Amino acid sequence: MTQEQNSLAWIEDELARLREAGLLVNIRTIESAMESWVTIGGRRLLNFCANNYLGLANHPRLRQAASDAIANFGVGPGAVRTIAGTTSLHLELEARLAEFKKAEACITLQSGFMANLAVIPTLMGDNDLIFSDELNHASIIDACRLSRAKVVRYRHGDVDDLAQKIAETKEYRRRMVVTDGVFSMDGDIAPLPQIVDVAEQEGIMVMVDDAHGEGVLGTGGRGIVDHFALHGRVAIEVGTLSKAFGVVGGLVAGKQLLIEWLRQRARPFLFSSAMTAPDVAACIEATKILQDSTELVDRLWQNTAILRQGMRQLGFDTGMSQTPIIPVLLGEALLAQRFSRRLIEEGLFVTAVSSPTVPMGKARVRVMNSAAHSQQDLEQALDTFERVGRELGVI
Ligand SMILES: *Cc1c(COP(=O)(O)O)cnc(C)c1O
């Protein structure tokens, strides 16, 4: 054995442990475009895994916009924007997103994860305090760590707990409350109006990461701030272009002042290249589609209502879901994996989620709705869930 192999041998043990516990992720190979049906191992499967809420990931208008952008701007940005300049496309996207979200300004990053890494460490430091919902996304947790601010976790969605923790901590330079808008594992919505009320009384910044609400919540998908009519009262709105927008990228929307500060100081902006031109052009087209009509967003919610009601009638536990994310709670990781495996064998692409993504004992399969599903797709999904649910003794 070489020395390198020796020094990495511990990974074998760790992987074996995960495999035994049923916690090893199995990444499937998709042989087709990301649509409501996908090809895996040569089989067509009905897809309920993707965050492709509006079916934009392979939309003809986005594809056309991306290929036009390649013809005009090529495929790579060349360097970071502060060094090699930025394209007119990037500026157009940021202006459009700001308008769409009724915010003063917007900056785009390479992904939603990067947007969180751009915002939190740039605003918060050693002497600062961040109140963070205990179920916040990994990218928020990592961004908080990177900032070196003190982090106080409050109970999930519990504004009384938050208020109490705020009252106990006054001696910090700056304070921020940060929450996911929609929680991706349970599909519930943060109590943002109450969070804003509590924070405003103390002059605390509020940041919401609306990755799963962007293109989903609010009028025509304008997000959680629009959903609760909180315009101007939430200092920082982070979003992603990788979910409902169907492409890849992240955004921060807020006051001009905030966005200028991020352009000057945010390290993922200063030290990592921008989204590519075809990505940006596709996102511009997605924004246009959302600005033109609420049709896709309306259909997403109609499909969601049908599926959630159907699942509940079958006797499945869909937890706290209020959004197109529908968890079907099963308990043990091995059962969730088995359930998912049987669904896939029966032609339904639905994946299991277990620890560490959700707490131990709360494993589930997660059904992601899309405007792209037909009525027939929804019926097939419910039939398959019923069959597998009975077979495995869940219903
Ligand atoms: C998905 C998600 C992200 C990451 O977004 P990407 O664009 O895929 O990097 C960040 N925050 C939350 C809350 C998310 O759900």
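No experiment lies behind these values; they were computed from the predicted model shown.

Undergrad: How would you explain the overall build of the chain if you had to name every residue and give the values?
TA: Scanning the chain from terminus to terminus reveals 16 helices and 13 strands. In terms of C-alpha radius of gyration, the chain reaches 22 Å, essentially the compact-globule figure of 21 Å for 395 residues. Dimensions of the chain, computed from the C-alpha atoms along their principal axes, are close to 60 × 55 × 55 Å. Across the 395 residues that make up the chain, the buried fraction comes to 53%. A separation of at least 24 residues holds for 70% of the contacts in the chain among residues at least 6 apart in sequence. Summed over its atoms, the accessible surface of the chain is roughly 17800 Å², and 51% of this surface lies on carbon and sulfur atoms. Averaging the locations of the 40 positively and 48 negatively charged side chains of the chain gives two centres separated by 1 Å.

Undergrad: If you had to explain the site of the ligand to someone new, which residues and values would you point to?
TA: Taken together, 14 residues sit near the ligand, with G112, D209, T240, S242 and K243 positioned nearest. In this structure, an oxygen atom belonging to the ligand sits 2.6 Å away from a side-chain N or O atom of K243. Surface burial for the ligand is 86%, taken as the share of its 390 Å² of free accessible area covered by protein chains.

Undergrad: Can you break down the sheet that holds strand β10 (residues 325–331) residue by residue, with the values?
TA: Reading across the sheet, the three strands line up as β10-β13-β12 and stay open at both edges, with antiparallel pairing between neighbours. Strands with a single pairing partner mark the edges of an open sheet, and in this sheet they are β10 and β12 (351–353). Within this sheet the neighbouring strands show an average axis-to-axis angle of 35°, counted without direction. Judged from the six bridges that link them, β10 and strand β13 (residues 363–368) form a sheet pairing that is antiparallel. What sits directly across from V328, in β13, is V365.

Undergrad: Hey, could you go over the nonpolar core for me, with residue numbers and the actual values?
TA: Residues L54, F131, V177 and L192 are the most contacted members of the largest nonpolar core, which totals 59 residues. The biggest single contributor to this core is helix α13 (residues 277–292), with nine residues. Excluding anything up to four places from it in sequence, L192 contacts T179, V206, V208, I224, V225, F228, L230 and V234. In this structure, A118, I140, A149 and V238 belong to the second largest nonpolar core, which totals 27 residues.

Undergrad: A description of the sheet that holds strand β1 (residues 37–40) should follow, citing residues and the corresponding values.
TA: Strand order in the open sheet formed by three strands is β1-β2-β11, and the pairing between neighbours is mixed. The open sheet has two edge strands, β1 and β11 (348–349), and neither has a second partner. Pairing of strand β2 (residues 43–47) with β11, which is carried by two bridges, proceeds in the parallel orientation. Bridge pairing links L46 to L348 in β11.

Cut-off values and rules
- Residues numbered from 1 in each chain as written.
- Predicted model: local features only at pLDDT ≥ 70, side-chain atom pairs only at ≥ 80, totals over all residues.
- Heavy atoms only, no water.
- Helix = DSSP H or I, 4+ residues; strand = E, 2+ residues; numbered from the N terminus.
- Rg over C-alpha atoms; globule rule 2.2 N^0.38 Å.
- Buried < 20%, exposed > 50% of the residue type's maximum accessible area, 1.4 Å probe, protein only.
- Contact = heavy atoms within 4.5 Å.
- Areas by Shrake-Rupley, 256 points an atom, 1.4 Å probe, with all protein chains shown as cover.
- Lys, Arg positive; Asp, Glu negative; His and termini not counted.
- Charge placed at Lys NZ, Arg CZ, Asp CG, Glu CD.
- Near = heavy atom within 4 Å.
- Polar contact = N/O pair within 3.5 Å; in protein donor to acceptor, adjacent residues only side chain to side chain.
- Pairing = 2+ DSSP bridges.
- Axes fitted to C-alpha atoms, helices over the stretch in contact; angles between N-to-C directions.
- Core = buried A, V, L, I, M, F, W, Y, C linked by side-chain atoms within 4.5 Å.

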